[in-house]
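Structure at a glance
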Amino acid sequence: MPRDLAGRPWDDLDFLGWRDPQSPARAYLVTELAGRPAAVALRCPDAAARHLRRNMCSICLTAPQAGVSLMVAPKAGRAGQQGNSVGTYLCSDLACSLYVRGKKDPGPGARLQESLTLQEKTARTLAAVAAFVAKVTG
C-alpha cells in the first residue's frame, strides 16, 4: 500500500492508483467492481526504459506532460497462468481522477474542451476503469 494513504484526496479519487517506489516497473490499481473492491497489479515501463510521450490516457482521455504508459496486467485464472494479459494506456502517474476534476494540471493542450458535466466525465472514467478491471478479472 502507498505510504501516503492518509494524505490522498479521497473525495476526488475514482480509484486508487500508485507506482511502487521500490519497483518502478510495478503499479497498482484498486477500484470497486460490482460492489466489491478489486485490485490489479500492473507491469509498466520503469523510468529508465520508458519514453514519456504525449499520448492520450484510455481512462481519463488526458495527454499529460507526465506521460502515458502502457500498463499490463496478467489475466485472472487459467488464462493468466498461460501468460495472457490485458493492457491499457494510463497516465504514468495514475492521477486520472485529478486530471478529470482539474485538481492537477496536466499541462497545456493536454485536455480537450468538452461539453460534458463533471459528473458525466467521472462516470465515463469509472466506466473505463471498470471495463479494464473486468477484462483482467473476467
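Residues numbered from 1 in each chain as written. Predicted model: local features only at pLDDT ≥ 70, side-chain atom pairs only at ≥ 80, totals over all residues. Heavy atoms only, no water.

1. A closer look at the overall build of the protein chain
Helix and strand content of the protein chain: three helices and five strands. For 138 residues, the compact-globule estimate of 2.2 N^0.38 gives 14 Å, and the protein chain sits close to it at 15 Å. On the principal axes, the C-alpha backbone points of the protein chain span a range of 45 × 40 × 30 Å. Going through the 138 residues of the protein chain one by one, you find that 39% of them count as buried. Here the contacts in the protein chain between residues at least 6 apart in sequence split such that 52% fall between residues at least 24 apart. About 7,900 Å² of surface is accessible on the protein chain, with carbon and sulfur atoms providing 52% of the total. Across the protein chain, 18 positive and 11 negative side-chain charges occur, with their mean positions spaced 8 Å apart. (Helix = DSSP H or I, 4+ residues; strand = E, 2+ residues; numbered from the N terminus. Rg over C-alpha atoms; globule rule 2.2 N^0.38 Å. Buried < 20%, exposed > 50% of the residue type's maximum accessible area, 1.4 Å probe, protein only. Contact = heavy atoms within 4.5 Å. Areas by Shrake-Rupley, 256 points an atom, 1.4 Å probe, with all protein chains shown as cover. Lys, Arg positive; Asp, Glu negative; His and termini not counted. Charge placed at Lys NZ, Arg CZ, Asp CG, Glu CD.)

2. Focus: the nonpolar core
L42, C57, L90 and C96 are the most contacted members of the largest nonpolar core, which totals 26 residues. Those elements that place two or more of their residues in this core are β2 (23-33), β3 (36-43), β4 (68-74), β5 (85-91), α2 (96-101) and α3 (118-137). In this view, L42 contacts A25, R26, A27, L29, M71, V72, A73, L90 and F132; residues no more than four positions away in its chain are not counted. (Core = buried A, V, L, I, M, F, W, Y, C linked by side-chain atoms within 4.5 Å.)

3. Description of the pattern of salt bridges
Using the criterion set out here, one finds four salt bridges in the structure. In this structure, R124 and E114 form a salt bridge, with 2.6 Å as the shortest nitrogen-oxygen distance. Placement of R124 in helix α3 and of E114 in the loop between α2 and α3 is noted, with a sequence separation of ten residues between them. A relative accessible area of 24% means that R124 is categorised as partly exposed. Look at E114 and you get partly exposed, because its relative accessible area is 30%. The network of salt bridges with shared partners includes R111, E114 and R124. (Salt bridge = Lys/Arg side-chain N within 4 Å of Asp/Glu carboxyl O.)

Keep in mind these numbers describe shape, not what the thing actually does.
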